[in-house]
Amino acid sequence: MGVLVCGVVVLTLICQSHSLDGATNPLHRFKRYQESASSEPNDCTTRTRQPMVLSKSGNFSLDVRMPGVSPTASDTYLCVAVPVPTTRDAYIVDFEPHASMDTAHHMLLYGCRTPVSTTNYWDCGSVKGTCEDEASIMYAWARNAPPTRLPPDVGFKVGGKSRITYFVLQIHYGDVHAFSDHHRDCSGLTLRMTSKPQPFIAGMYLMMSVTTIIPPGNKVTNADVACTYNSYPIYPFAFRTHTHKLGQVVSGYRIRDGKWTLIGRQTPQLPQAFYPATKGINVKYGDTLAARCVFTGEGRTTKTYIGGTSDDEMCNFYMMYYMESRHAAPFQECMEDGSKELFQNIPPEANVPITVPPEMMMHNMMHSAGAPSTPEHQDDMALLQPKREEEEVLDQEYHLEEVTDWPESPLQLGQVSGLALDSDDNLVIFHRGDHQWGVNSFDNSGKYQQQSLGPIQQSTILVVDPVKGSVLKASGRNMFYLPHGITTDKDNNYWVTDVALHQVFKLSSDGRDTPLVVLGEAFEPGSDKEHFCKPTDVAVDPVTGNVYVSDGYCNARILKFSPEGTYLSHWGAGSSDRRRRVQFRIPHSLVFLPDRRELCVADRENGRIQCFVAESGEFVKEIKKQEFGGEVFAISYAPVHGGLIYAVNGESAYGRSAPLKGFVINYSTKEILDDFSPENAQFGMPHDIVVTKDGRVFVGDAATDSVLKFSSDKAEHRSVKKGGIEVQEIEETETIIQTRLKPQQRGEVAVAKVQIPVVTQQKTAELVQEQSQKPQQQEDDKETTLAKQSAQGVSPAVITTLLLIPLVVVISIGVLIRYRKNRMYGDGCEVKLEQTSSGGILGKLRGKAAGGLNLGNFFATHKGYTRQGFDRLSTEGSDQEKDDDNDTDSENEEYSAPPPPAGPSSSS
């Protein structure tokens, strides 16, 4: 009877689970996608839309294609979204394109959580874009490029915890004459995936010139890019070049100890596939990555700029790499111009154009257009298998530490509110002298209550030698009441804010105290175009001279002015963001990113950093970390290593405080690379931060009336011989080192001449296998113990247990059946087993890369370009930043939870 009851209960549970509405489940979304696709009255869609294919080994395939479109205008960008068909971690190990350059100019695949649409295709070349949230570019195809094979044990992570639940396919249809017959297009690609965790995660490093100008008629113009690498070791295994019509050859190099090592060199006029990188190369911290594009301006009558239209040019060197999974960064970038001194030593080969044989071009075009490829050709195009070598590696630690003997003589300072750097990298300090911001400084309307004290009589602006700390010059007497923010423009003028005066001033650095520009009305707070209310900081565009003001303690907004002080526009957080983010709560610090044309804001009380397109105020990205503790006081930026943000946090009034520290953050991945604090004390109120060109960091502390200096020291660690060390010892060492800014080197890469799986030492593999069996052995021991106990006597408790066992077993079987059926492909999805040959799918898969980049917004105001052109440019390497693959923020919590109750803000 009990067994019968148990069976009824289990059947009820299974039936109920089948009837549940899975609207929020990715599997349900995938089912809806298949149903909507199959219902499309289109032969093209019916012919190309394939079900997800699952094999016994956990491998499956997914078709992502256009649902039969027919563009009516040239340079049309169309997108379609497809849900990731699994709730668990999955890995893309192959991208197989189905397109022809006769129809499609290029094709990209993005990953995100919230696409613009989930019901049909849409025009994504307009303001709609691809995704409502952050998007990551995962695959690029152009010029009939054939598939590319990834090494075994390497894949791109999606689903699960990867923040990618949708794929968005974007296709640029160039010449509309290809559709003169009104046919419908189903171009796209097949994703080959596996649920098997991959030990190594693939990523992409992009080197790109953003400032190159090609004069008309010039036979040779070089575009040089170079950056110092500043992360964990990467192992390049493929490269791809990209220019438009004028590109002759593109070359990429690693520079170590002055020696240039070729990563890859190719003409961009061939099909733009990924080709095998130089065998055995790795890149580690301190190396320099460099690339050169050679252009010709012959045949042009006007200057050619970097841009996204067919008349513009691009200089891109893509490097596909893999990293250890726990250190994986899916995308990194370099857009710094290389110095003439550095490129004097570039190998001569980089300057020699590559001639494209006509028969080779025709062969590749025919191959990609659908002609069957020969085994010989497949071997030529396949990426050779890398493997790890046993070698001696040196663990190194890099960390910002306080320079305790700076300044050599004490500086006479009041509350330090602002820091800046002049063109000579001298430190500029803005302080409050004998004035202090206290509880009685302002009334409830924001009006300053201590005017009777008069202005600060001391020099409030000090220019200080960054090496010795000596005062070089001083100014700003009898002008300010409560100084706050300061910055310098390209002419070394000072732009400052005074929260008591509610004004912004432009001052000459020659010591004269007569303002050149005054914004706002003295002692009169307001919220219109002519008034501020306790403005906090200023940032200046070094190219246009436009001025940005954060306003501030009363008004949650950013205002934009011309160099002469004419109002241009303003915005608040969320006003230009489709996700309607939480408004600013004291935008406290600003920094202009010259290499990206972005403005970043330290939104103090929201504990976050937000970045915007400077020209339009369009939202780009957000960085919000638990380590900030709910407060971000100030930020600075260094356009090195792909972009580094320096930040300091502060005490929170809402009980979310974290230790007061400085942080070094990777702009692209949002990863905290380092944190730092005073050596023998603690920060009191770190109020502003700046970083010099050579990496020295200064923090102004308003509570201790001081400026602290930090620099990076290199500490050497013992050499570790990998051969013969037990896994436990290696893991222990890694646990210690991985918390530092720079990791230990884990070994170089050799690329094998034959396809051999990536393997580790046999002893290590056996030990890992042994450890993986321990949980099962422990479970077996538990069952043995229970059996022995039951043999010793029958108690009421034992009888009850024995009666419950059938119920548990039956329920478990039902749950297992339900789980196995749905974990990969969901209810109602058509599934068929894939025939596997020797080695399975993984033995013959090919693929491309993942990553994200903000290019479109970067060029939004660059000379010679239109906004529409930049949106198109972004499709070659980006989707307006939206790169959040490796993010650990709590963005969803931010939008689902109400902000803390308003309370009195701490003064600063």
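Each residue is numbered by its place in its chain's sequence as written, counting from 1. Local features in a predicted model are, by the rule used here, given only for residues with pLDDT of at least 70; side-chain atom pairs are given and counted only at 80 or more, and totals for whole chains, interfaces and linings are based on all residues. Where side-chain values are given, they derive from all heavy atoms of the structure, hydrogens and water being excluded.

A. View of the overall build of the protein chain. Going along the chain from the N terminus, every DSSP run of H or I of four or more residues is numbered as a helix, and every run of E of two or more is numbered as a strand. On a plain count of helices and strands, the protein chain comes out with 11 helices and 48 strands. Partly exposed describes any residue whose relative accessible area lies between the buried limit of under 20% and the exposed limit of over 50%, with all areas from a 1.4 Å probe on protein chains only and scaled to the type maximum. Expressed as a percentage of the 908 residues in the protein chain, the buried residues total 56%. Note on contacts: a residue pair qualifies if any of its non-hydrogen atoms lie within 4.5 Å across the two residues. Counted over contacts in the protein chain with a minimum sequence separation of 6, partners at least 24 positions apart contribute 71%. Per element, the accessible surface of the protein chain, about 38,200 Å² overall, is 52% carbon and sulfur. Only the protein chains shown count as cover for residues, and all accessible areas are computed by the Shrake-Rupley method using a 1.4 Å probe.

B. Just the nonpolar core, in detail. Within the largest apolar cluster, 80 residues are counted, with the highest numbers of intra-cluster contacts made by I92, L109, V158, F167, L191 and Y205. Excluding anything up to four places from it in sequence, L109 contacts V64, F95, S136, I137, M138, Y139, F167, V168, L169, L189 and L191. Residues I486, A500, F505 and L507 belong to the second largest nonpolar core, which totals 23 residues. In these notes, a set of buried Ala, Val, Leu, Ile, Met, Phe, Trp, Tyr and Cys residues joined through side-chain atoms within 4.5 Å is what counts as a nonpolar core.

C. Main features of unusual backbone geometry. Along the chain, W406 connects to P407 via a cis peptide bond; the corresponding omega equals -5°. Mapped onto the elements of the fold, P407 is located in the loop between β23 (392-402) and β24 (416-421). In the segment running from D551 into G552, the intervening peptide bond is cis, with an omega of -25°. Within the secondary structure, G552 sits in the loop between β33 (547-551) and β34 (557-561). Despite not being glycine, D75 has its phi angle at roughly 55°, a positive value. The partly exposed category is assigned to D75, whose relative accessible area is 34%. Although it is not a glycine, H502 adopts a positive phi angle of roughly 60°. Assignment of secondary structure puts H502 in the loop between β29 (494-498) and β30 (503-507). With a relative accessible area of 0%, H502 lands in the buried category.

D. Here's a closer look at the pattern of salt bridges. A pair is scored as a salt bridge if a Lys or Arg side-chain nitrogen falls within 4 Å of a carboxyl oxygen belonging to Asp or Glu. For the structure on display, the rule yields 18 salt bridges. A salt bridge links R292 to D224; its shortest N-O distance comes to 2.7 Å. One end of the pair, R292, is in strand β18 (residues 288-295); the other, D224, is in strand β13 (residues 221-228), and 68 residues separate them in sequence. In this pair, the class of R292 matches that of D224, namely buried.

E. Representation of the sheet that holds strand β32 (residues 535-540) in the model. If DSSP finds at least two bridges between two strands, the strands pair. Overall, antiparallel pairing links the 4 strands, which are arranged β32-β33-β34-β35 in an open sheet. At either margin of the open sheet sits one strand with a lone partner, and together these are β32 and β35 (567-571). Between one strand and the next, the sheet's axes are offset by a mean angle of 20°, whatever the strand orientation. As paired strands, β34 and β35 are joined by 4 bridges and run antiparallel to one another. Bridging from a neighbouring strand, L559 pairs with H570 of β35. Here, axes are lines fitted to C-alpha atoms. For helices the fit covers the stretch in contact, and angles between N-to-C directions go from 0 to 180 degrees.

F. Spotlight on the side chain of T194. Along the chain, the position of T194 falls in strand β10 (residues 188-194). Relative accessible area serves as the criterion here: at 0%, T194 is assigned to the buried category.

G. Inspection of the state of the cysteines at higher detail. Disulfide assignment relies on a single distance test, namely cysteine sulfur atoms paired within 2.5 Å. According to the stated counting rule, one finds 6 disulfides in the structure shown. At a sulfur-sulfur separation of 2.2 Å, the disulfide partner of C112 is C131. Classification of the bridge connecting C112 and C131 rests on its S-S torsion, roughly -75°, and on that basis the disulfide is left-handed. Note that C112 is positioned in strand β5 (residues 106-112) and C131 in the loop between β6 (122-123) and β7 (136-142), a separation of 19 residues in sequence. C533 shares a disulfide with C554; S-S distance 2.1 Å.

H. Looking closely at the sheet that holds strand β41 (residues 644-649). As summarised here, the arrangement of the 4 strands in space is β40-β41-β42-β43, forming an open sheet in which the pairing is antiparallel. Where the open sheet ends on each side, the last strands, each with one partner, are β40 (632-638) and β43 (672-676). With direction set aside, neighbouring strand axes in the sheet form an average angle of 20°. Where β41 and strand β42 (residues 662-666) come together, 5 bridges link them in antiparallel fashion. Note that in β42 the partner of I645 across the bridge is I665.

I. A look at the environment of C315. Looking at where C315 falls in the secondary structure, it is placed in the loop between β19 (304-305) and β20 (316-324). The buried category is assigned to C315, whose relative accessible area is 2%. Counting along the chain gives 71 residues from C315 to H244, while the straight-line C-alpha distance between them is 8.2 Å. Setting aside residues up to four positions removed in sequence, C315 forms contacts with M207, M208, S209, A223, H242, T243, C293, F295 and I306.

J. Structural view of the pairing of strand β26 (residues 461-464). Neither face of β26 is open: one carries I461 and V463, the other L462 and V464, and all of them are buried. With 4 bridges joining them, β26 and strand β27 (residues 471-475) adopt antiparallel strand pairing. Counted as the bridge partner of V463 is K473 from β27. Taking the residues between adjacent antiparallel strands as the criterion, β26 and β27 are bridged by 6 residues, where G469 takes a positive phi near 85°.

K. Molecular detail of the packing of aromatic side chains. Only centres within 6.5 Å qualify two rings of Phe, Tyr or Trp (six-membered ring in Trp) as a pair; their planes then separate them into stacked at under 30 degrees, edge-to-face at over 60, and tilted for everything else. Tallied over the entire structure, the rule returns 30 aromatic pairs. Between the aromatic rings of F584 and F612, the centroid separation amounts to 6.0 Å while the plane-to-plane angle is 75°, which identifies the pairing as edge-to-face. Highlighted residues: F584 in the loop between β35 and β36 (587-593) and F612 in strand β38 (residues 608-613), separated in sequence by 28 residues. Side by side, F584 and F612 carry an identical accessibility label, which is buried. An aromatic cluster is present here, built from W437, F442, Y448, Y481, F523 and Y553 joined pairwise through their rings. The side chain of K534 reaches across the aromatic face of F442, ending 4.4 Å from its centre. By definition, being over a ring means that NZ of Lys or CZ of Arg is both within 6 Å of the ring centre and within 35 degrees of the ring normal. Over the face of the ring belonging to Y667 we find K621, whose NZ or CZ atom lies 3.9 Å from the ring centre.

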